[in-house]
Amino acid sequence: MQSNIAPEGMVVTPHHLATQSALAILKQGGTAMEAMVSAAATIAVIYPHMNSIGGDGYWLIIPPHEEPFVIEACGTLGSLATPEFFSGLDKIPYRGSKSAITVSGTVGGWEEALKYVSECGYQRISISKLLADSIRYAEDGYPMTNCNHQNFKKFQSTANVSKEFSDVFFPGGRIPDVGERVYQKQLAETLKLLAGNGLNSYYNGELAKLIAEDMASLGLPITGSDLANYSPVRKVPLRLLHNCGEIFNTPPPTQGLVSMAILGVLDKLGIDGQHEGQFIHTTVEATKQAFQMRDDYITDPCYMRVDPKSLISQQMLLKIAKKVNLDHASSVGQGKGPGDTVWMGAMDNKGFSVSFIQSIYHNCGSGMVLPKTGILWHNRGVSFTLEKDHILSIKPGKKPFHTLNPAAARLQDGRILIYGTRGGDGQSQTQAAIFHRYVVQGIDLQTSITAPRWVYGRISGETDDTLKLESRFSAETINYLRDRGHKIVMLPDYSESVGQAGALVRHPNGMMEGAFDIRSNGSAAGF
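Residues numbered from 1 in each chain as written. Predicted model: local features only at pLDDT ≥ 70, side-chain atom pairs only at ≥ 80, totals over all residues. Heavy atoms only, no water.

**Q** Account for the overall build of the protein, naming residues and giving values.
**A** A tally of regular secondary structure across the protein gives 16 helices and 19 strands. In terms of overall size, the protein behaves like a compact globule, its C-alpha atoms giving a radius of gyration of 21 Å where 527 residues would be expected to give roughly 24 Å. The dimensions of the protein, computed from C-alpha atoms along their principal axes, are 60 × 55 × 45 Å. Looking at the protein residue by residue over its 527 residues, the buried ones come to 63%. Counting only carbon and sulfur atoms, one obtains 49% of the accessible surface of the protein, whose full area is about 18200 Å². Of the side chains in the protein, 48 bear a positive and 50 a negative charge, and the two mean positions are spaced by 2 Å. (Helix = DSSP H or I, 4+ residues; strand = E, 2+ residues; numbered from the N terminus. Rg over C-alpha atoms; globule rule 2.2 N^0.38 Å. Buried < 20%, exposed > 50% of the residue type's maximum accessible area, 1.4 Å probe, protein only. Areas by Shrake-Rupley, 256 points an atom, 1.4 Å probe, with all protein chains shown as cover. Lys, Arg positive; Asp, Glu negative; His and termini not counted. Charge placed at Lys NZ, Arg CZ, Asp CG, Glu CD.)

As structure tokens, then:
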């Protein structure tokens with residue numbers, strides 16, 4: 001299986017229809033930012049188990065001449081989410097109104113990205129054109145995928161499904177079959193309001209009023225004022241100097257530090273990947289150390305006790321590297337669990353590259369569908385804890401911890417790489433696998449994504465410190481890892497549990513290369 005190469009534009013998403021939405025915008029002369037908004041709107045409709053316009057998003061934009069920057073489209077804890085709101089509970093539940101407790105930032109992030117297009121002097125494509133595909137799929141239906149079907153089955157078996165959710169996604173009390181047409185009529189009307197009144201109407205205006213009424217009727221602790229007070233933020237990305245170039249990722253409250261620390265430690269230890277077992281063992285051990293650092297320090301940056309940049313300084317990376325035992329598995333650094341997310345990438349002929357993530361956190365988010373607007377709300381609020389004096393303690397207006405972290409790199413030979421995946425704890429591990437295989441080991445782009453992967457930590461249920469391996473790994477690699485004390489669990493050949501990844505490369509000659517993950521319903525396409 002080979003990657004695709006094109007001269008004028010390239011897109012990769014985990015759903016081929018979203019890829020086509022973005023590609024159509026690029027063909028009309030649109031920027032990578034506009035193409036991404038179109039893809040984001042489409043996939044918010046057709047991949048509802050993983051994302052929606054009721055979630056959060058992060059953008060990492062690499063301009064042709066200026067410095068990279070991040071758009072943090074992350075909502076804050078609702079003003080009514082006080083300790084009294086959780087009275088009688090010892091932890092925040094994963095589903096229901098007490099999990100749907102943070103403002104949704106996704107749509108605000110779309111608007112901020114489009115503002116940047118105007119700032120760069122380009123004539124913008126209308127919102128109605130960018131949302132046209134998403135409106136059509138919501139109103140006229142889209143095909144149920146196997147990925148969506150299987151995740152709906154998991155959700156149905158583990159959650160008390162609300163009437164509003166069932167009415168939309170389980171019509172007649174059943175999950176639609178794979179290939180069957182699925183409708184989201186109410187969401188279509190909401191998207192039409194966004195197209196007609198502008199994206200800011202999500203937070204101010206007629207649509208915002210409907211959202212606030214919906215949230216009040218369902219007992220969510222978010223008010224109309226919370227929506228109106230939300231705004232996305234542009235930030236400077238974290239940077240890591242690597243022997244092969246410079247790596248970029250998103251700052252706190254995301255776990256971008258974890259992804260960078262893993263690659264920094266591998267670089268310090270001089271791991272070349274020629275021995276697959278050693279590469280995986282070292283990456284997993286670096287992951288555990290990075291998880292420990294994450295859990296000790298990362299939260300809303302307003303509440304952090306250390307400078308985030310200090311956590312990936314050369315001195316800190318060397319300190320972490322010294323803790324990695326090359327011969328035996330350690331027991332430090334527990335994972336936080338799964339996350340259902342979409343990573344997408346776009347490159348245009350103007351020189352812009354976009355690494356993007358949009359998420360509702362767990363499978364189907366909070367499970368709360370707002371009745372008047374059809375918006376499925378996320379459960380990112382479960383990142384908080386009800387413990388007092390904890391770095392993740394609840395406080396209205398505070399930003400939640402995020403597993404989301406789209407990545408990019410400028411390599412020494414002039415290539416620009418953007419890459420990422422869904423998968424909670426697995427995001428940082430898969431990023432390490434892709435970057436190291438493609439950049440350090442020199443494996444071709446598509447093989448770097450298709451090759452067997454692993455994930456350490458919980459992918460469902462309770463806390464889990466096992467190492468999950470796709471069964472395509474050789475017996476030699478599996479035995480090597482067992483001999484070093486890893487508790488191995490085998491996964492199917494192409495398991496969604498190790499993420500749905502993608503990558504794009506802009507080569508020095510201007511050609512753009514794209515590779516997608518066959519574990520998804522996606523594609524990489526250009527023109």
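What follows picks up the thread again.
**Q** Just give me the short version of the side chain of Gln431, but keep the residues and values in it.
**A** Within the secondary structure layout, Gln431 lies in helix 14 (residues 426-440). Taking relative accessible area as the criterion, Gln431 reaches 1% and is therefore assigned buried. Among the polar contacts made by the side chain of Gln431, one reaches the side chain of Ser259 at a distance of 3.4 Å. Beyond its immediate stretch of four places on either side in the chain, Gln431 contacts Asn249, Ser259, Asn405, Ala407, Tyr419 and Gly420. (Polar contact = N/O pair within 3.5 Å; in protein donor to acceptor, adjacent residues only side chain to side chain. Contact = heavy atoms within 4.5 Å.)

**Q** Please set out unusual backbone geometry residue by residue, giving values where relevant.
**A** For residues other than glycine, phi is negative in most cases, and the peptide bonds are mostly trans. At the junction of Pro252 and Pro253, the peptide bond is cis and its omega measures out at 20° in the coordinates. Tracing the sequence through the fold places Pro253 in the loop between strand 9 (245-249) and helix 11 (256-269). If you check the backbone angles, Tyr361 has positive phi at about 75° while not being a glycine. When its relative accessible area of 4% is taken as the criterion, Tyr361 is described as buried. Positive phi, close to 60°, is recorded for Asp389, a residue that is not glycine. Its location among the elements puts Asp389 in the loop between strand 11 (353-361) and strand 12 (407-411).

**Q** Can you explain the packing of aromatic side chains? Please cite residues and give values.
**A** One pass over the full model with this rule turns up 16 aromatic pairs. Aromatic side chains Tyr203 and Tyr230 sit 4.9 Å apart centroid to centroid with 35° between the ring planes, which places their arrangement in the tilted category. In this pair, Tyr203 is assigned in the loop between helix 8 (185-197) and helix 9 (206-218) and Tyr230 in the loop between helix 10 (224-229) and strand 7 (233-235), connecting sequence segments 27 residues apart. Assessed through its relative accessible area of 3%, Tyr203 is described here as buried. The buried category is assigned to Tyr230, whose relative accessible area is 11%. Of the aromatic side chains, those joined through ring pairs into one cluster are Phe152, Phe155, Phe165, Phe169 and Phe170. Between the NZ or CZ atom of Lys398 and the centre of the ring of Tyr303, over which it lies, the distance is 4.6 Å. The ring of Tyr480 carries Arg484 above its face, with NZ or CZ at 3.6 Å from the centroid. (Phe/Tyr/Trp six-rings, centres within 6.5 Å; stacked < 30°, edge-to-face > 60°. Lys NZ or Arg CZ within 6 Å of the ring centre and 35° of its normal.)

**Q** Before we move on, can you summarise the state of the cysteines with the specific residues and values?
**A** Such a bond, covalent and formed between the sulfur atoms of two cysteines, is termed a disulfide. Across all of its chains, the model carries zero disulfides by this definition. There is no disulfide at Cys147, and the cysteine sulfur nearest it, in Cys364, is 10 Å away. (Disulfide = S-S within 2.5 Å.)

**Q** Could you give an account of the sheet that holds strand 16 (residues 488-491), with specific residues and numbers?
**A** The sheet built from three strands is open, its strands ordered 14-15-16 with mixed pairing. In this open sheet, the two edge strands, each paired with only one partner strand, are strand 14 (454-456) and strand 16. Neighbouring strand axes in the sheet, compared pairwise and without regard to direction, differ in orientation by 20° on average. Alignment of strand 15 (residues 467-470) against strand 16, held across four bridges, turns out to be parallel. Paired with Lys468 across the two strands is Val489, which belongs to strand 16. (Pairing = 2+ DSSP bridges. Axes fitted to C-alpha atoms, helices over the stretch in contact; angles between N-to-C directions.)

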